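Summary of the model geometry
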Amino acid sequence: MSSTCNDKDSSPTRHLKSLGELKLATTRSQKSPQCDRGLKRSAAGGGCAFITTLTSISMSAIATNGIVPAGGSYFMISRALGPEFGGAVGCLFYLGFTVAGSMYVIGAIEILVTFIAPNISLFGDVTELSNAINNYRVYGTCLLLLLFLLCFVGVQFVAKFGPVSLFCVIISIICIYIGLFIASPERSVKICYLGERLLTLASVTVNGTMMCTRNESGPLFARYCTVRENGTFCDPYFLEHETRLVPGIPGFTSGNFIENIPHRYTEKGNIIGQTVPGDRDRGEIIADLTSTFTVLMAIYFPSVTGIMTGSNMSGDLKDAQKSIPTGTIAAVLSTSAVYLSLTLGFASCIEGDLLRDKLGESLGGGLVVAYVAWPTKWMVLIGAFLSTIGAGLQSINTAPRLLYAISKDGIVPFLKVFSVTKRGEPFYALLLTVGIAEAGVLVGNLDHVTPVITMFFLMCYLFVNMACAVQTLLRAPSWRPRYKFYHWSLSLIGVGLCTTLMIISSWYFALAAFVLAGGIYKYIEYKGAEKEWGDGIRGMAMSLARYSLLKVQQSKPHTKNWRPQMLVLSKLNDHLIPKYQKMITLAGQLKAGKGFVLVCSVLDGDVKRRAPDIDRARENIQKVMEQENVKGFKDVLVSKSLLDGLSYLVQTAGLGGLRPNTVMIGWPEDWRHAQNNDTHNIPYKHFIHTVEVIEAMGKALLVVKDSTEFPDNQTKMRGTIDVWWIVHDGGLLLLLPYLLRQHRAWKNCKLRVFTVAQIEENTIQLKKDLQKFMYQLRIEAEVEVVELSETDISEYTYERTLEMEQRAEMLNKLKDRRESATQRQLETVDNIRRGSRHEIKIDLPHVEDDGETQQYTFTPSSSKRPSTMKFLAEPVNRHIPTEENVHQMHTAVRLNELIRANSCDAQLVIVNLPPPPHVGATDDNSDLHYMEFLEVLTEDVGRVLMVRGSGTEVITIYS
């Protein structure tokens, strides 16, 4: 395809008043008739005009929904669809405008060198493609440097050049219309046919005289016939058909309109309008490109890429909200009317094959539209030349401002350098624009440039329509455009048409454009600065979230849809920073089920006084979540009681169907200690209370022991994850390791499942059943059955039970003693208030809190030991442990021995968490005994995750 098909296909230009107001635009130049194919060209033009009309309506609605500063289309898209979409489309739109500048520059030079002054060619005959391209490169570079200097002077000069270009275009259009109306066979140039084959003027011309004959003295005879000794041999087509000289532009009365209605798409190498191969040496005009509707659409589309020019100069407009809709709609309607009417006029007044003569070879070379114009072809040639220069000047001036707006927003970090201005102009952005445009000029062939322009502009139009549709459908309170003549259905039609045109015109360029846009989108999302513009995408996400929440709340999730929705109860240190950060990391690693994570903490005190601490704690939790790459939510609750606060969180956290179904808490490593010597504030009391509340609310529970040793996201664990499956409580014990192994930190670990059997059970059959069950669950795991033999109670078990009970008894007595002392202190204060002079001295035992040994050490006075504290000195062997406690301790010791024997090298041990003591138990020490049993069960095991399911099945063997 010759570049002449594109250099004149330019978009509407705009000129500015002294105050920068956008005025009515008209066409920059006329299309080269060599590119016209009758009404099929009109159909392509009508489709493009329809797309631009819909896009203009959408853009007008967006432009009137608030102030539009510098950036134009980019600003509107980014504020409507978010910084990611805006940045991606803005970058592509910038490249489109820059490459369009290359197209206009090459087009202007092509008109100059090919049609206006062929004698200035530096590389010989310009009809040779290679010579023409070299001329385009040299002269195009010179013209581009001139445009660069003009843009550097400032937008005022560009605005002053606009009316000059506009005046030339209007005069050219008027001359063409006059030429169409006065066209007649008598005034028309003549073209030569051989039968139905249009011939080049050079093939029928001798010494400047046209000889459209078959005579032996004519030039055609020598091209179709060969004279030999044994006679003269001619092509059969030459012998069977006569030559005829017909008017090329006969006018409206010729009846060509009906003849040009059917399409005549031609394959490359065939005679134009026919299905037979041609021979250029015979003077036949052949197609150099296979033409289809999509090819014509792609060729035509750059002619309608000017509707964004005015909006992209929004920063220089006095009233962008008024000027953009008025100028854009008026420009689209006027230029569409010009394009379509001229196309229909050409189809009515010009011979059909002349419309297909892309290079005008039947006329001796030249623009066919120039021969239509009245009074001379120079009206069109000069108008087209100045129009393309004006279009190039607009593109080179507009593109840097678009890049400046993108860089100024800071959403693409590496573009920040282009936010610098000199003399009020984006100088560095202008340099980059000229550099990219120069690369396009050096390509030299518009056939390689126009597909890029088409894709980038179509993508911008697509997202303008999408932005309008999204904002309209969301019905956001902030969506109040002054322009009322729009509808979401029109915008969606525009989206569909833009996408379809991208695919049918060049699917591989469309794919490349989408991939490039997706890459920029992800880069901005990953590296770009966070911006909150209240865009439509986030509004759409909110609407979808609302709909989904209402939908999910209607019924409980099926087993196949169950996934862990994690509530992580994180303890904060004195600096309000999560104390055990690896718990948050572990929660993120368990999100392979695509559930969400909610990290919460409780602060004790009054909410009015601790309001600033809430914000600090939330920020610290958010930083930890970002550091550990955990996507989720955070919250902080203030309560006068930690126990009540934890209870409130377990009950109320979440919303609707997204309430947490699994709670993760840490094991209280210092559970044997009283904090600040306060027996009412013991860590294990908080732990037991939280476990009881979680069980009462029907949620699953994960207890993380030795959380500081759990891996981060960068560490790759190798070894095994051992599951000690003692009780089936919904299958959570089996689902958790599967989810963990989906994360890269645990994916190299193998899964082993251990189950405990009694001596009398058939361990072989039990193992087979368990292997079959694991197979049906589609979980790869090694299955082991461990026998728990009935052995005699060891002395160690007896001693651990005795130690546990004696510790509980001592704490109870200490508690009673402290309560009595507190009561006497209150009585002392009361006596003082009443004026009593009696002094009461309280002698309490000294209690040392040793954080390393985690034991109570009592240091009584040797001379003044109170008789009421004699229980502390009682020998251990006088206490007889209960049979029930001995039995439970025996079970815990035996299980611990099995776990240590079989899982000593495991990277993680997952085990059932026994149920907590029943509420209202008669034994006051049941909580302490429960903690002791858990301690013995997991003693010296390493990383441990104790799991207690909610009783609901979370895993199934069915599809």
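Located above this text is the structure these notes cover.
Overview of the structure. (Residues numbered from 1 in each chain as written. Predicted model: local features only at pLDDT ≥ 70, side-chain atom pairs only at ≥ 80, totals over all residues. Heavy atoms only, no water.)

1. Quick notes on helix 21 (residues 611-627)
Definition in use: Per the convention used, a helix needs a DSSP run of H or I reaching at least four residues, while a strand needs a run of E reaching at least two, with both numbered from the N terminus. Helices are assigned an expected span. That span is 1.5 Å times one less than the residue count. Exposure categories follow from relative accessible area, calculated using a 1.4 Å probe and restricted to protein chains: below 20% of the type maximum is buried, above 50% is exposed, and the middle band is partly exposed. This arc is taken over the directions from the axis of the helix to the C-beta atoms. Residue contacts are defined here by distance: any two heavy atoms, one from each residue, within 4.5 Å place the two residues in contact.
Here helix 21 spans 25 Å end to end across 17 residues, near enough to the 24 Å set by a 1.5 Å rise per residue. Along helix 21, the residues classified as buried are Asp-613, Ile-614, Ala-617, Asn-620, Ile-621, Val-624 and Met-625. An end-on view of helix 21 places all buried positions within 140° of arc, on one side of the element. Turned more than 90 degrees from where helix 21 packs its buried face, Pro-612, Lys-623, Glu-626 and Gln-627 sit exposed. On its buried face, helix 21 sits against helix 20 (581-589), strand 9 (597-604) and strand 10 (633-639). Positive backbone phi, approximately 55°, marks Asn-629, located one or two places after helix 21.

2. Describing the nonpolar core
To keep it simple, the criterion reads: We call a set of buried residues a nonpolar core when its members are Ala, Val, Leu, Ile, Met, Phe, Trp, Tyr or Cys and they connect through side-chain atoms within 4.5 Å of each other.
Of all hydrophobic cores here, the largest spans 99 residues; its most connected members are Phe-301, Met-308, Phe-457, Tyr-461 and Met-502. The element best represented in this core is helix 3 (residues 83-116), accounting for 17 residues. Ignoring sequence-local partners within four residues, the contact set of Tyr-461 consists of Ile-51, Thr-52, Thr-55, Phe-301, Val-304, Thr-305, Gly-306, Ile-307, Met-308 and Cys-498. With 53 residues, the next largest nonpolar core counts Met-566, Ala-587, Val-599 and Leu-735 among its residues.

3. Some remarks on the packing of aromatic side chains
The criterion, for reference: Stacked, tilted and edge-to-face are the three classes assigned to paired rings of Phe, Tyr and Trp, where Trp is represented by its six-membered ring and a pair needs centres within 6.5 Å; plane angles under 30 degrees give stacked, over 60 edge-to-face, the rest tilted. Only when the NZ of Lys or the CZ of Arg is both within 6 Å of the ring centre and within 35 degrees of the ring normal is a charge said to sit over the ring.
Within this structure, the stated rule accounts for 21 aromatic pairs. Taken together, a centroid distance of 5.5 Å and an interplanar angle of 40° make the contact between Phe-181 and Phe-252 tilted. Residue Phe-181 is found in helix 5 (residues 155-182), and its partner Phe-252 is found in the loop between strand 7 (243-247) and helix 8 (256-259); the two are separated by 71 residues along the sequence. Since its relative accessible area comes to 62%, Phe-181 is described here as exposed. One aromatic cluster is present, built from ring pairs that chain together Phe-93, Phe-97, Phe-457 and Tyr-461. A cation over an aromatic ring shows up here: Arg-197 above the ring of Tyr-237, its NZ or CZ 3.7 Å from the ring centre. The aromatic ring of Phe-238 is capped on one face by Arg-214, whose charged end is 5.5 Å from the ring centroid.

4. What to know about the pattern of salt bridges
Filter applied, for reference: In what follows, salt bridge is the name for a side-chain nitrogen of Lys or Arg lying within 4 Å of a carboxyl oxygen of Asp or Glu.
Inspection of every chain in the model, using the stated rule, returns 16 salt bridges. Measuring nitrogen to oxygen at the nearest pair gives 3.1 Å for the salt bridge that ties Asp-613 to Arg-610. Judged by relative accessible area, Arg-610 falls into the buried class, the value being 19%. Put simply, Glu-695 and Arg-948 hold a salt bridge, and the shortest N to O gap is 3.0 Å. Here Glu-695, found in helix 23 (residues 683-696), pairs with Arg-948, found in strand 19 (residues 944-948); they are 253 residues apart in sequence, far enough to count as distant.

5. Points about the packing of helix 3 against helix 14 (residues 378-409)
Quick reminder of the rule: For helices, the fitted axis covers only the stretch in contact; all axes are lines through C-alpha atoms, and the angles between them, taken along N-to-C directions, range from 0 to 180 degrees. Oblique is the label for any angle not covered by the other classes, which are roughly parallel (under 35 degrees), roughly antiparallel (over 145) and roughly perpendicular (65 to 115). Rotating anticlockwise by less than a right angle from the far helix to the near helix defines a left-handed crossing, while the corresponding clockwise rotation defines a right-handed one.
Viewed as axis vectors pointing N to C, helix 3 and helix 14 meet at an angle of 160°, and their least axial separation amounts to 8 Å. Comparing their axes, helix 14 and helix 3 come out roughly antiparallel. As helix 3 runs across helix 14, the sense of the crossing is left-handed.

6. Quick notes on the sheet that holds strand 2 (residues 197-198)
To keep things clear, this is the line we draw: Note on pairing: DSSP must find at least two bridges between two strands before they are called paired.
The 3 strands are arranged 2-1-7 in an open sheet whose pairing can be described as antiparallel. Edge positions in the open sheet fall to strand 2 and strand 7, since each of these has one partner strand only. As paired strands, strand 1 (residues 190-194) and strand 7 are joined by 5 bridges and run antiparallel to one another. The partner of Tyr-193 across the bridge, within strand 7, is Arg-244.

7. Section: the sheet that holds strand 10
Spatial strand order, 10-9-8-11-12-19-18-13-14-15: 10 strands in an open sheet with mixed pairing. A strand with exactly one partner marks an edge of an open sheet, and here the two such strands are strand 10 and strand 15 (782-787). When strand polarity is set aside, the average angle formed by the axes of neighbouring strands in this sheet is 20°. Note: strand 12 (residues 700-705) against strand 19, 5 bridges, orientation antiparallel. Looking at the pairing, Lys-705 lines up with Val-944 of strand 19. In this fold helix 20 packs onto strand 8 (566-569), strand 9, strand 11 (662-666), strand 12 and strand 19, with an angle of close to 150° to the strand it touches most, strand 11. Running over the sheet, helix 25 (residues 763-776) touches strand 13 (719-725), strand 14 (749-757) and strand 15 and is turned about 150° from strand 15.

8. Topic: the packing of helix 22 (residues 642-652) against helix 23
Selection rule: All residues other than Ala, Val, Leu, Ile, Met, Phe, Trp, Tyr, Cys, Pro, Asp, Glu, Lys and Arg, Gly among them, are scored as polar; the first ten of these are nonpolar and the last four charged.
Across the interface, helix 22 lies against helix 23 with an axial gap of 10 Å and an inter-helix angle of 25°. Overall, the two elements helix 22 and helix 23 adopt an arrangement that is roughly parallel. Handedness of the helix 22/helix 23 crossing: right-handed. Residues Leu-642, Leu-643, Leu-646, Ser-647 and Val-650 of helix 22 pack against Lys-685, His-686, His-689, Thr-690, Val-693 and Ile-694 of helix 23. When the residues that make up the contact of helix 22 with helix 23 are grouped by side-chain class, the tally is 6 nonpolar, 4 polar and 1 charged.

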